[in-house]
Amino acid sequence: MGLFRIFDIAGSAMSAQSVRLNTTASNLANANTVASSAETAYRSRQPVFQTVMDNSAGMDPASAGVRVAGVVETTAPPAKVHDPGNPLADEEGYVYMSNVNPVDELVNMISASRSYQNSVEVLSTSKELLLRTLSLGQ
Amino acid sequence: MAIDINQQFDLHSRVLGLANQRLELLADNVANADTPNYKARDIDFRAAMANASQPGGLGGDLPMAATRPGHIQAGGAGPNTTNPLYRVPDQPSLDGNTVDSQKENAAIAETSVRYQATLTFLSSRIRGLRDAITGGR
């Protein structure tokens, strides 16, 4: 029954978007984290989305939603700030800021929340149709 | 006059099947609205319907030619499936994704109205048959 598959599809989208919201929250929370070396500085994390292709359902190449293929750390170099008073400063007095760009993160957050809302809308539409189908002939 | 119940419901069930399939594709598109290189898909409802309403029409599938008696007749997909087509994007995006959320939502609304209309038709058909059986009591 296709309408039940829509639940899976919309559910996968909602879980993927919530992973995205999760990374955004983590990035924003760590926007001002400092570290004592460039290697250990916090790097912004971004999920990579991938379509799940499902050929098993007997349908011709029908996909079944989306999944998070992985979470990658961005490669932008962390900013080096001279702050000798910081307990984490290295011997030259530098601390390394995270490479999070708050503007990017906020845009990501809005996009993720809109996509999430879209999926909820799809879910409620198909739920309504399913319920109406169930009450057919009464 | 004999009433063939299958015939009474056949067209409507085909519409429901097609609407179902289309909703599934559209849900897929919405789910992959942020997936890089995803290409949005949709089915041409009118063409699919024209195909499906032909008697024994295998909804869009080319039948395999059997030119010799020994050839196995490969069954196509079911009568309610049709081949999805890729959508031509109005505004292509840099990441290769061709999903247009507005279009998807509009198409979902349209398909859902079609589906509900068909359910209404089916309901009244069922009511009519029931009236015919019970004599309107």
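Residues numbered from 1 in each chain as written. Chains lettered and ligands numbered in written order. Predicted model: local features only at pLDDT ≥ 70, side-chain atom pairs only at ≥ 80, totals over all residues. Heavy atoms only, no water.

## Quick notes on the overall build of chain A
Phase 1 of the analysis: For chain A, the count of helices and strands is two helices and five strands.
Phase 2 of the analysis: The helix and strand sequence of chain A, counted from the amino end, reads α-β-β-β-β-β-α.
Phase 3 of the analysis: On the principal axes, the C-alpha backbone points of chain A span a range of 80 × 30 × 20 Å.
Phase 4 of the analysis: For chain A, the computed accessible surface area is about 7500 Å², with 56% contributed by carbon and sulfur atoms.
Phase 5 of the analysis: The positive charge centre, built from 9 side chains, and the negative charge centre, built from 13, are 10 Å apart in chain A. (Helix = DSSP H or I, 4+ residues; strand = E, 2+ residues; numbered from the N terminus. Areas by Shrake-Rupley, 256 points an atom, 1.4 Å probe, with all protein chains shown as cover. Lys, Arg positive; Asp, Glu negative; His and termini not counted. Charge placed at Lys NZ, Arg CZ, Asp CG, Glu CD.)

## Focus: the overall build of chain B
Phase 1 of the analysis: Across its full length, chain B carries three helices and two strands.
Phase 2 of the analysis: Each helix (α) and strand (β) of chain B, taken in turn from the N terminus, gives the series α-β-α-β-α.
Phase 3 of the analysis: Within chain B, contacts between residues at least 6 apart in sequence are counted, and of these 71% link residues at least 24 apart.
Phase 4 of the analysis: Carbon and sulfur atoms form 57% of the exposed surface of chain B, whose accessible area is close to 8100 Å². (Contact = heavy atoms within 4.5 Å.)

## Quick look at the sheet that holds strand 1 (residues 34-35) of chain A
What links the strands of a sheet is backbone hydrogen bonding, and the strands pair in either a parallel or an antiparallel sense.
All names here are of chain A.
Phase 1 of the analysis: Within the open sheet, the three strands sit side by side as 1-5-4. Their pairing is antiparallel. With partners counted over all chains shown, the strands left at the sheet margins are strand 1 and strand 4 (80-82), one partner each.
Phase 2 of the analysis: The sheet contact formed by strand 4 and strand 5 (residues 94-97) spans three bridges and is antiparallel. What sits directly across from His82, in strand 5, is Tyr94. (Pairing = 2+ DSSP bridges.)

## Some remarks on the interface of chain B and chain A
Quoted interface sizes are often the accessible area lost when the parts come together.
Phase 1 of the analysis: Of the residues lining the interface, 29 residues belong to chain B; the matching set on chain A comes to 32 residues.
Phase 2 of the analysis: Overall, the association of chain B and chain A removes approximately 2500 Å² of surface from exposure, summing both partners, and the carbon and sulfur fraction of that is 55%.
Phase 3 of the analysis: One salt bridge in this structure joins Arg20 of chain A and Asp34 of chain B, with 3.0 Å as the shortest N-O distance.
Phase 4 of the analysis: Breaking the side of chain B that touches chain A down by element, the ones donating at least two residues are helix 1 (5-31) and helix 3 (101-134) of chain B.
Phase 5 of the analysis: Residues belonging to the side of chain B that touches chain A are distributed by class as follows: twelve nonpolar, twelve polar and five charged. (Buried area = accessible area lost by both parts, 1.4 Å probe. Salt bridge = Lys/Arg side-chain N within 4 Å of Asp/Glu carboxyl O. Nonpolar A, V, L, I, M, F, W, Y, C, P; charged D, E, K, R; others polar.)

## Details of the confidence of the model for chain B
Residue and element names in this part refer to chain B.
Phase 1 of the analysis: Confidence along chain B averages 80 in pLDDT terms, with 82% of residues attaining 70 or more.
Phase 2 of the analysis: Of all helices and strands in chain B, the one with the weakest mean pLDDT is helix 2 (residues 45-52) (77), whereas helix 3 scores best (91).
Phase 3 of the analysis: Within the model, the stretch residues 57-61 combines pLDDT values under 50 with 16 contacts to residues more than four positions away or in other chains.
Phase 4 of the analysis: Counting interchain partners and residues more than four positions distant, the pLDDT-below-50 stretch residues 76-80 has 13 contacts.
Phase 5 of the analysis: Scored as a whole, the predicted complex attains pTM 0.78, and scored at its interfaces, ipTM 0.79. (pLDDT = per-residue confidence, 0-100.)

## Comments concerning the side chain of Asn99 of chain A
All names here are of chain A.
Phase 1 of the analysis: Mapped onto the secondary structure, Asn99 falls in the loop between strand 5 and helix 2 (102-134).
Phase 2 of the analysis: Its relative accessible area of 12% is what places Asn99 among the buried residues.
Phase 3 of the analysis: The residues contacting Asn99, other than those within four sequence positions of it, are Tyr42, Arg43, Ser44, Thr74, Thr75, Ala76, Pro77 and Pro78. (Buried < 20%, exposed > 50% of the residue type's maximum accessible area, 1.4 Å probe, protein only.)

## Regarding the confidence of the model for chain A
Phase 1 of the analysis: Mean pLDDT over chain A: 88, with 91% of residues reaching 70 or higher.
Phase 2 of the analysis: The spread of mean pLDDT over the elements of chain A runs between strand 3 (residues 62-73) of chain A, the lowest at 85, and helix 2 of chain A, the highest at 93.

## Re the packing of helix 2 of chain A against helix 3 of chain B
Phase 1 of the analysis: Between helix 2 of chain A and helix 3 of chain B, whose axes approach to 10 Å, the crossing angle comes to 5°. Judged on the interaxial angle alone, helix 3 of chain B and helix 2 of chain A are roughly parallel. For the pair helix 2 of chain A and helix 3 of chain B, contact is made by Asn118, Val122, Thr125, Glu128, Leu129, Arg132 and Thr133 of chain A and by Ser101, Asn105, Ile108, Ser112, Tyr115, Gln116, Leu119 and Thr120 of chain B, respectively. (Axes fitted to C-alpha atoms, helices over the stretch in contact; angles between N-to-C directions. Parallel < 35°, antiparallel > 145°, perpendicular 65-115°, else oblique.)

## A look at helix 2 of chain A
Phase 1 of the analysis: Given a rise of 1.5 Å per residue, 33 residues ought to cover 48 Å, and the 47 Å separating the end C-alpha atoms of helix 2 of chain A matches this to within 8%.
Phase 2 of the analysis: Along helix 2 of chain A, the residues that are buried comprise Glu105, Asn108, Ala112, Ser115, Asn118, Ser119, Val122, Thr125, Ser126, Leu129 and Leu130 of chain A. (Expected span 1.5 Å × (residues − 1).)

## A look at the nonpolar core
Phase 1 of the analysis: Among the nonpolar cores identified, the biggest contains 29 residues, and Leu3 of chain A together with Tyr115 of chain B are the most heavily contacted of them.
Phase 2 of the analysis: Going through the elements one at a time, helix 1 (2-29) and helix 2 of chain A together with helix 1, helix 2 and helix 3 of chain B are the ones with two or more residues in this core.
Phase 3 of the analysis: Per-element tally for this core: the top contributor is helix 1 of chain B, with ten residues.
Phase 4 of the analysis: Setting aside anything within four residues of it in sequence, one finds Leu3 of chain A in contact with Ser126, Leu129 and Leu130 of chain A together with Asn20, Leu23 and Tyr115 of chain B. (Core = buried A, V, L, I, M, F, W, Y, C linked by side-chain atoms within 4.5 Å.)

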